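# Summary of structural features
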Amino acid sequence: MSTAYPTVGVASGLPRYSYLLRLLHWVIAVLLITALIGGMTLGTLGYERLVELVGVEMAGYAYMGHKTLGITILGLMVLRLLVRVSQGTPEYAIDLSRAQHFFAGLVHFLLYVLVIAMPIIGWLATAAAGNPVNFGTYELPGFIGQDPELSKTLFQAHTVVALCIIALIVIHVAAAFYHARVRRDWVTTRISLFN
Ligand code: HEM
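What counts, and at which threshold
Residues numbered from 1 in each chain as written. Predicted model: local features only at pLDDT ≥ 70, side-chain atom pairs only at ≥ 80, totals over all residues. Heavy atoms only, no water. Donors = N, O, S within 2.8 Å, 3.2 Å for Na, K, Ca; no water. Tetrahedral: all angles 85-135°; square planar, octahedral: opposite > 155°, others 65-115°. Helix = DSSP H or I, 4+ residues; strand = E, 2+ residues; numbered from the N terminus. Buried < 20%, exposed > 50% of the residue type's maximum accessible area, 1.4 Å probe, protein only. Salt bridge = Lys/Arg side-chain N within 4 Å of Asp/Glu carboxyl O. Expected span 1.5 Å × (residues − 1). Near = heavy atom within 4 Å. Polar contact = N/O pair within 3.5 Å; in protein donor to acceptor, adjacent residues only side chain to side chain. Nonpolar A, V, L, I, M, F, W, Y, C, P; charged D, E, K, R; others polar. Core = buried A, V, L, I, M, F, W, Y, C linked by side-chain atoms within 4.5 Å. Axes fitted to C-alpha atoms, helices over the stretch in contact; angles between N-to-C directions. Parallel < 35°, antiparallel > 145°, perpendicular 65-115°, else oblique. Left-handed = near helix turned anticlockwise from the far one by under 90°. Contact = heavy atoms within 4.5 Å.

### Topic: the coordination of the iron atom of the ligand
Protein coordination at the iron atom of the ligand: the donors are His66 (NE2) and His158 (NE2), at 2.1 Å from the metal. Each of the 6 donor atoms around the iron atom of the ligand contributes to a set of angles spanning 86 to 179°, which defines the coordination as octahedral. Placement of the pair is histidine 66 in helix α1 (residues 19–87) and histidine 158 in helix α3 (residues 148–183), with a sequence separation of 92 residues. Residue histidine 66 is classed as partly exposed on the basis of its relative accessible area, which comes to 22%. You can call histidine 158 buried: its relative accessible area is 16%.

Below is the structure:
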């Protein structure tokens, strides 16, 4: 059967992202999933229930951990964006339709925008609530004053953006699965770490 794209066995020498960008992709993916699960746990339980369950000290560590993780993701995303802009993106080794190009580009663009927006919203929501913006043991500037109404709105946005990111991750993973297992066209080799 002939195909318009390379099939299994044609992995080597195909254009792909640099090792740094591939590493950043997988590190951020793990941190992002952890931040989503951790954040949903905090949001679902709420501070009082969490304190009942694990005590004040552990609850404090849980919030500090979530904030630190989120700010780490922000730093890595900015680094990733700068490296990506400076290095450019590799050509696709196969013919993708215009629609596939468009939707892939759209999903990637939205992921960049929302994953960068997410920690900024969490940062400002925390500051507006009058709570510390922790990065490990450091306290970062809040940039905005205490404003409970604004904090409520920003935390609602934090939830909505989280749901959008989850939807985009599902689409992104489904597309990767389609390329790797159905078309077997090596598109996923562009971003894989070890082959
Ligand atoms: C990519 C980074 C981040 C992700 C994926 C993320 C994800 C989430 C999610 C899914 C929730 C649950 C929302 C809900 O209640 O429905 C949450 C809650 C929360 N996030 Fe984040 N977050 C990120 C960054 C940050 C940052 C940087 C801060 C603050 C500096 C922060 C502060 C909080 C706080 C305080 C809550 C709990 C809100 C509550 O108790 O109701 N987040 N986060």
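Back to the write-up after that little detour.
### Notes on the pattern of salt bridges
Considering all chains together, one arrives at 2 salt bridges under this definition. Arginine 49 serves as the salt-bridge partner of glutamate 52, at 3.1 Å between the closest nitrogen and oxygen. With glutamate 52 and arginine 49 both in helix α1 and 3 residues apart, the pair spans about one turn of that helix. For glutamate 52, a relative accessible area of 61% corresponds to the exposed category. Of the charged contacts in the structure, one is a salt bridge between aspartate 185 and arginine 183, with a shortest N-O distance of 3.2 Å. Arginine 183 gets classed as buried once you look at its relative accessible area, which sits at 14%.

### Observations regarding helix α2 (residues 98–128)
Between the first and last C-alpha of α2 there are 44 Å, a value that for 31 residues agrees with the 45 Å anticipated at 1.5 Å per step. Following α2 by one or two positions, glycine 130 has its phi on the positive side, about 85°.

### Observations concerning the site of the ligand
Taken together, 22 residues are adjacent to the ligand, and Gly39, Tyr63, His66, His158 and Thr159 come closest. Tyrosine 63 is positioned with one of its side-chain polar atoms (N or O) 3.2 Å from an oxygen atom of the ligand. Threonine 159 places a polar side-chain atom, nitrogen or oxygen, 3.1 Å from an oxygen atom of the ligand. Where the shell around the ligand is concerned, the elements lending two or more residues are α1, α2 and α3. Taken together, the residues of the shell around the ligand break down into 13 nonpolar, 8 polar and 1 charged.

### Regarding the nonpolar core
Judged by nonpolar contacts, the single largest core of 29 residues is most densely connected at Leu32, Ile73, Met77, Val115 and Ile165. Residue assignment for this core shows that the elements contributing at least two residues are α1, α2 and α3.

### Thoughts on the packing of α1 against α2
At their nearest, the axes of α1 and α2 sit 8 Å apart, and the two run at 135° to each other. One finds that α1 runs oblique with respect to α2. Note on packing geometry: the crossing formed by α1 with α2 is left-handed. Contact residues: α1 offers Leu32, Lys67, Gly70, Ile71, Ile73, Leu74, Met77, Arg80, Leu81 and Arg84, while α2 offers Tyr112, Val115, Ile116, Pro119, Ile120, Trp123 and Thr126. Of the residues that constitute the contact of α1 with α2, the class distribution is 12 nonpolar, 2 polar and 3 charged.

Taken by themselves, the reported measurements are silent on function.
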